[in-house]
Amino acid sequence: MPRPSARPARPVARVRRRLVLGAAVLGAALAPAAPALAADYAPVDQPGPGLSPSPAALAAALKCESTDAALAAAPNPVLFVPATGVTPEQNYDWNWKPALRKAGIPFCTIELPERSLADIQTAGEYVTYAIREVHRRSGRRISLIGHSQGGMVFRWALRFWPDTRSMVDDAIGFAGSNHGSTALSALPTCAALGCPVASLQQDARSKFIAAVNSRQETFAGISYTNIRTRFDEVVTPSDVQDPRTASSSLTTGDGRITNVAIQDVCPGDVSEHLLVGTTSNTSYALAMDALTHDGPADPSRIPPLTCAATLMPGVDATNLEGNVTALGALTGLASVVGVNLAGVPVVKEEPALKSYVFAKAATPTPAPAAAAKPRARVRVTPGRVRAGRTTTLRIRTTTTAGKTLGRVRVRVLGRTVTTNAKGRATVRVRPSKAGLVTARATKSGVRSGTKRVRVLRAR
């Protein structure tokens, strides 16, 4: 079997130089911004908004080679998400698609706007649609595979559209830009010349990166396999001893996580950023281990013979140079130095985060309006009495709406009486002088009512 090469092949080395230049521009784009407080970001269970792209655009971006029946028959249908600057065909046609066909694993791809160079927030909506649709067609949880930005952007969907989490089993990223890039350079910066939106958003200091990692990075029920290379010149840092500090790694939340460098499994694998997601046999073995076992990849299960092969299944060595060179001219951050930018808008500032990224202001529950208290109405018969004469007054209490109101205290001419349950009572009075007097009805919870009684002069 072929032995792993000690250094990249010549076309790969040329591609690597292009990517170094692109990474430098990416990293120099932004000045550090004051981070939002954790409480400012949407709670992880805050429902996501409706998708802004048109239904026709979303449907056209999703391509499934496999039939719905084939998707439903497989235990782990795969959704491929491409890297920055490329289409799914450029990223996966010449490597992963043939490999999965041979392995009998059905798959779909989602194409992101402007070859993944536009606003990644919008790209996340396309991924959200694709997760829902492939899950619907297959009737089962699916697996996500992505390279570079593609290994990170599906996390935007999982973070801000919580319904997608129950639809995903594995999330596998090759050199995923989970924490952006720290690469810096003295080259002209994006702030001066302008860059595609997606490049600015993948700076380690960007508002976008802070948002995708807000509150928690992983979610229960999903297995995360984050595969990186120590030779990554784009998504940095990567060559670190502690895997928790590598840009591609995930460490927080409730998901099951494996963070692994291909050199931890095969020290002789010299694949860099481009090749770790396209040709590395070590990457392939780790991804297939995750797809075919419960939980994320387990490096201890990778057989030693994996390291004897340089190229993953599906890669035709006779077409390798053309595919790698073409992909390198298109991929990722090389494009920000002027390659393949035709028709792609460039900006000098990162776009604002969408409103759904932030916690919605709690709508105060209005206090229930206090029910208006009923008013007592008191009737006194007779309405005229004569001074110096004893008279029996008949009293009746109701509400102003005419409803019987019982157990009401009525005071009139110095005497107090309480009406019965039917709102009736009698009281004997003997007024001493003429004039108008007031009968007042009172009861707890009821506004008082009054009635005038005229006292005539004595005879």
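Residues numbered from 1 in each chain as written. Predicted model: local features only at pLDDT ≥ 70, side-chain atom pairs only at ≥ 80, totals over all residues. Heavy atoms only, no water.

## Observations concerning the overall build of the protein
- Within the protein, the regular secondary structure consists of 15 helices and 15 strands.
- Excluding contacts between residues fewer than 6 apart, the proportion of contacts in the protein whose partners are at least 24 apart in sequence is 77%.
- Of the accessible surface of the protein, which amounts to about 20,300 Å², a share of 54% is contributed by carbon and sulfur atoms. (Helix = DSSP H or I, 4+ residues; strand = E, 2+ residues; numbered from the N terminus. Contact = heavy atoms within 4.5 Å. Areas by Shrake-Rupley, 256 points an atom, 1.4 Å probe, with all protein chains shown as cover.)

## Focus on the sheet that holds strand β8 (residues 376-381)
- Pairing in this open sheet of 3 strands is antiparallel, and the strands run β8-β10-β13 from one edge to the other. Looking at strand neighbours, the two that pair on one side only are β8 and β13 (424-429), the edges of this open sheet. Averaged over neighbouring strand pairs, the angle between their axes works out to 25 degrees when direction is ignored.
- Sheet topology places strand β10 (residues 391-399) next to β13; 6 bridges connect them, and they run antiparallel. Within β13, the position partnered with T391 by the bridge is V429. (Pairing = 2+ DSSP bridges. Axes fitted to C-alpha atoms, helices over the stretch in contact; angles between N-to-C directions.)

## What to know about unusual backbone geometry
- Between T236 and P237 the backbone carries a cis peptide bond, its omega angle lying at 0 degrees.
- Note that P237 resides in the loop between β6 (223-228) and β7 (256-261).
- The omega torsion of the bond from T381 to P382 falls at 0 degrees, within 30 degrees of zero and hence cis.
- By the secondary structure assignment, P382 is in the loop between β8 and β9 (384-386).
- Even without being glycine, R215 reaches a positive phi, approximately 65 degrees.
- Structurally, R215 is set in the loop between α11 (207-212) and β6.
- The class for R215 is partly exposed, based on a relative accessible area of 43%. (Buried < 20%, exposed > 50% of the residue type's maximum accessible area, 1.4 Å probe, protein only.)

## Some words on the state of the cysteines
- Considering all chains together, one arrives at 2 disulfides under this definition.
- Here C64 engages in a disulfide with C108; their sulfurs sit 2.0 Å apart. Taking the sign of the S-S torsion, 110 degrees for the link of C64 and C108, the bridge is right-handed. Taken as a pair, C64 in strand β1 (residues 62-64) and C108 in strand β3 (residues 107-110) lie far apart in primary sequence, 44 residues in all.
- Note that C266 is cross-linked by a disulfide to C307, the S-S spacing being 2.0 Å. Handedness here is read from the sign of the S-S torsion; for C266 and C307, about -80 degrees, the answer is left-handed. (Disulfide = S-S within 2.5 Å.)

## Quick word on the packing of aromatic side chains
- Within this structure, the stated rule accounts for 11 aromatic pairs.
- Their ring planes at 55 degrees and their centres at 4.6 Å tell us that W156 and F160 sit as a pair that is tilted. Taken together, the residues span about one helical turn, with W156 and F160 both in helix α8 (residues 150-160) at a distance of 4 residues.
- Taking relative accessible area as the criterion, W156 reaches 0% and is therefore assigned buried.
- Aromatic side chains W161 and Y356 sit 5.0 Å apart centroid to centroid with 55 degrees between the ring planes, which places their arrangement in the tilted category. On the criterion of sequence distance, the pair formed by W161 in the loop between α8 and β5 (168-174) and Y356 in the loop between α15 (320-330) and β8 is long-range, its members being 195 residues apart. A single burial state applies to W161 and to Y356, both of which are buried.
- The rings of F80, Y92, W96, F107, F174 and Y284 are connected pair by pair, giving a single aromatic cluster.
- Geometry around F219 places R165 over its ring, the cationic atom sitting 3.8 Å from the centre. (Phe/Tyr/Trp six-rings, centres within 6.5 Å; stacked < 30°, edge-to-face > 60°. Lys NZ or Arg CZ within 6 Å of the ring centre and 35° of its normal.)

## Re the pairing of strand β14 (residues 435-443)
- Pairing geometry for strand β11 (residues 409-412) and β14, over 3 bridges, is antiparallel. If you follow R411 over to β14, its bridge partner there is R440.
- Here β14 runs beside strand β15 (residues 446-456); their pairing, made up of 8 bridges, is antiparallel. In the strand pairing of β15, T438 is matched with R452.

## Notes on the side chain of S148
- Within the secondary structure layout, S148 lies in the loop between β4 (142-147) and α8.
- Judged by its relative accessible area of 5%, S148 falls in the buried class.
- In contact with S148, other than residues within four places in its own chain, are A83, F174, A175, G176, S177, V235 and H273.

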